[in-house]
Amino acid sequence: MNIGPLRGLGRMFERVADAYDVGRPHYPDEMYRALTEVTGVDLDGATTVDVGAGTGILTRALRARGSHVIAVDPGAEMLARLVARSEGGTPSVAAVLADGNALPLADGVADLVTYAQSWHWLDPVASIAEARRVLRPEGAIVGCWNFNHAAQADWLAAYEARLAEAVPTYYGPAVEQWSAPPIASAFEVIEERWIPWTRLVGIEDFLLDLRSHSYMAALPPEVADELVERQRVALREEFPEGVLSVPMRVYLAVGR
Ligand SMILES: C[S@@+](CC[C@H](N)C(=O)[O-])C[C@H]1O[C@@H](n2cnc3c(N)ncnc32)[C@H](O)[C@@H]1O
């Protein structure tokens, strides 16, 4: 397949696909319950277009709940991991190497279009126009993002503060004017929810999660290494048993 025109899109993640695959958190059960409740779409048997599917964190969870998923991403490395973990089985997963701003799909084929941690990488207008085009009339658009809930734990606030200090392009809870991506201003909102949950994770996987952020991938390798080491030392000092209980929250926005 010729992927020439797609090469620039999501390129940052191509360099950190392995760290992403291992380190990034899943989404809590409560989010899927809320998604069903708010959209009125039963995931079991639904057709979902998962845009910016990456390594398939949301894709796999939707499939496990019975959804047929068309996973779209322009990142060949990210999508390769999704494919490796999704082959065979029912319901199906179709992986499509494509730009979410110009979906290579027919009109009216989907019950849901999802953007998990991805809409902010797309064109805010073209992406939603495409979502509307591929949705059936009663379908819904879903944006969701997982965030560290730094205000809930001093150690996490300190962790985010170290990031803010060391990474010029950091944008997260340690930035005063930080907010979730403005997807709710891009469509007709049905509902927005913040869903708290707790992530249990080993320190090394948590540091892989850190490595998988685009702002880390953009740093010179030695600067990134030094920062990761500093975080490792601080976390081990605080949690010698090596396991973190991370307060998180998912921002879920559903619209048409
Ligand atoms: C932060 S990852 C999210 C992956 C996954 N959905 C998850 O929940 O972990 C963002 C993804 O958006 C993809 N992306 C970037 N630009 C895109 C575009 N124009 N169309 C579709 N996906 C895009 C990237 O390749 C990357 O895999």
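Everything quoted here is computed from the prediction, not taken from an experiment.

The rules behind the values
Residues numbered from 1 in each chain as written. Predicted model: local features only at pLDDT ≥ 70, side-chain atom pairs only at ≥ 80, totals over all residues. Heavy atoms only, no water. Helix = DSSP H or I, 4+ residues; strand = E, 2+ residues; numbered from the N terminus. Buried < 20%, exposed > 50% of the residue type's maximum accessible area, 1.4 Å probe, protein only. Lys, Arg positive; Asp, Glu negative; His and termini not counted. Salt bridge = Lys/Arg side-chain N within 4 Å of Asp/Glu carboxyl O. Contact = heavy atoms within 4.5 Å. Pairing = 2+ DSSP bridges. Right-handed = clockwise from strand over helix to strand, strands pointing away. Arc of directions from axis to C-beta.

Asks: I keep staring at the side chain of Glu160 and nothing clicks. Help me out?
Replies: Structurally, the position occupied by Glu160 is in helix H7 (residues 154-166). Here Glu160 sits buried without a salt bridge, and the closest side chain of opposite charge, Arg162, lies 9.6 Å off (N-O distance). In contact with Glu160, other than residues within four places in its own chain, are Asn148, Ala150, Tyr170, Pro173 and Ala174.

Asks: Explain the pairing of strand S1 (residues 47-51) here, please?
Replies: Buried residues dominate S1, accounting for five of its five residues. Going residue by residue along S1, you find Thr47, Val49 and Val51 tucked away on one face and Thr48 and Asp50 tucked away on the opposite face as well. For S1 and strand S2 (residues 68-73), the ladder comprises five bridges, and the chain directions are parallel. Its bridge partner lying in S2, Thr48 is registered against Val69. What joins S1 to S2 is helix H4 (residues 57-64), and the crossover it makes is right-handed. The pairing of S1 with strand S4 (residues 110-116) spans three bridges and is classified as parallel. Counterpart to Val49 in the pairing with S4 is Val113.

Asks: Looking at this structure, I do not really get helix H5 (residues 76-86). What am I missing?
Replies: Because an α-helix completes one turn every 3.6 residues, residues spaced three or four positions apart along the sequence face the same direction. When H5 is considered as a whole, its buried residues turn out to be Met78, Leu79, Arg81, Leu82 and Ser86. Looking straight down H5, one finds that the buried residues subtend no more than 155° of arc, so they occupy a single side. Elements that come into contact with the buried residues of H5 comprise helix H1 (11-14), helix H2 (17-23), H4, S2 and strand S3 (93-97). Looking one or two residues past H5, Gly88 carries a phi angle of roughly 75°, positive in sign.

Distances and angles like these do not, on their own, reveal function.
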